[in-house]
Amino acid sequence: MPELKNSLGWQYIQKTKFRRDKIHPLKKPRISPGGDFKSYPNSKIYILPTHLRLDVDLLTIINKRRSWREFKKQVISLKELSTILWAGYGVREKRGKFYYRNVPSAGALYPIEIYIVSFNVQGLDKGIYHYFPKDHVLELIKKGDFSNKLIYACARQDFVAKGSFTVIMSAIFRRNMAKYGHRGLRYILLDAGHIAQNMILAGEAMSLGSCPVGAFFDDEVNQLVGLDGVEESVVYMVVFGKKV
């Protein structure tokens with residue numbers, strides 16, 4: 001037990017617990033909220049296909065899901081990529097000031113941002129893109145083959161660049177923590193999990209393999225995407241490709 005108490009993760013859970021005698025045991029920090037959406041206004045825009053449909057049995061798809069680390073060198077269509085992005089983070093409706101998406105998020109704040117590293121997607125150059133869910137489009141950040149840099153940043157796990165594309169999820173911390181304070185980090189990480197599972201099941205419904213990735217050198221991935229690691233930092237990744 002003493003060794004468990006030395007864990008920062010364990011200490012964080014204990015210090016951010018709700019208690020009957022005091023809901024917030026720690027004083028809530030004063031954090032300004034920032035914007036609801038991030039965009040790259042001067043970037044080239046790629047409009048993603050709409051009118052998406054999957055005719056599948058959900059329980060069958062759940063039963064088929066596995067983590068895949070070997071992929072065919074085969075192109076994925078832009079519609080397949082679009083379906084995965086919409087399933088994971090697409091805007092379903094607007095009510096009042098809130099843009100509700102296909103996943104739950106504490107306070108409908110949606111602090112996660114989605115980036116795509118494209119390797120073999122029809123209609124997309126190799127490069128890094130930002131998903132702008134409000135308009136369901138991709139914004140080009142930079143062109144190029146970033147396979148080796150991504151592999152190196154992921155502790156030489158070469159499968160991260162063997163698929164057709166890799167999803168990188170980051171968190172804009174203040175978007176959530178302005179409301180939820182210290183406990184907000186719990187909700188941010190839950191959001192990433194909700195998004196990943198929706199994306200993975202959508203991919204499986206199209207017979208695409210996937211593998212989540214949690215082992216990476218955070219600031220090397222941040223640098224690759226162009227994140228400062230302070231206001232916004234990588235939290236999760238998922239690789240997608242055609243199954244071998």
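Residues numbered from 1 in each chain as written. Predicted model: local features only at pLDDT ≥ 70, side-chain atom pairs only at ≥ 80, totals over all residues. Heavy atoms only, no water.

1. What to know about the packing of aromatic side chains
Per the counting criterion, the structure on display carries 7 aromatic pairs. When the centroid spacing of 5.2 Å and the interplanar angle of 85° are considered together, the rings of Phe 37 and Tyr 99 count as edge-to-face. Remark: Tyr 99 occurs in strand 3 (residues 98–101) and Phe 37 occurs in the loop between helix 2 (8–15) and strand 1 (45–47); sequence separation between them is 62 residues. Residue Phe 37 is classed as partly exposed on the basis of its relative accessible area of 23%. Geometrically, the ring pair formed by Tyr 46 and Tyr 129 is edge-to-face, given 5.4 Å between the ring centres and 85° between the ring planes. With a gap of 83 residues between them, Tyr 46 in strand 1 and Tyr 129 in strand 5 (residues 127–132) connect regions that are remote in the sequence. Residue Tyr 46 is classed as buried on the basis of its relative accessible area of 10%. Following the ring pairs from residue to residue traces out a cluster consisting of Phe 37, Tyr 99 and Phe 132. (Phe/Tyr/Trp six-rings, centres within 6.5 Å; stacked < 30°, edge-to-face > 60°. Helix = DSSP H or I, 4+ residues; strand = E, 2+ residues; numbered from the N terminus. Buried < 20%, exposed > 50% of the residue type's maximum accessible area, 1.4 Å probe, protein only.)

2. Overview of the environment of His 51
Relative to the elements of secondary structure, His 51 occurs in the loop between strand 1 and helix 3 (58–64). Classification of His 51 as exposed rests on a relative accessible area of 74%. C-alpha separation for the pair His 51 and Lys 79, spaced 28 residues apart in sequence, amounts to 9.5 Å.

Just geometry here; none of it tells us what the structure is for.
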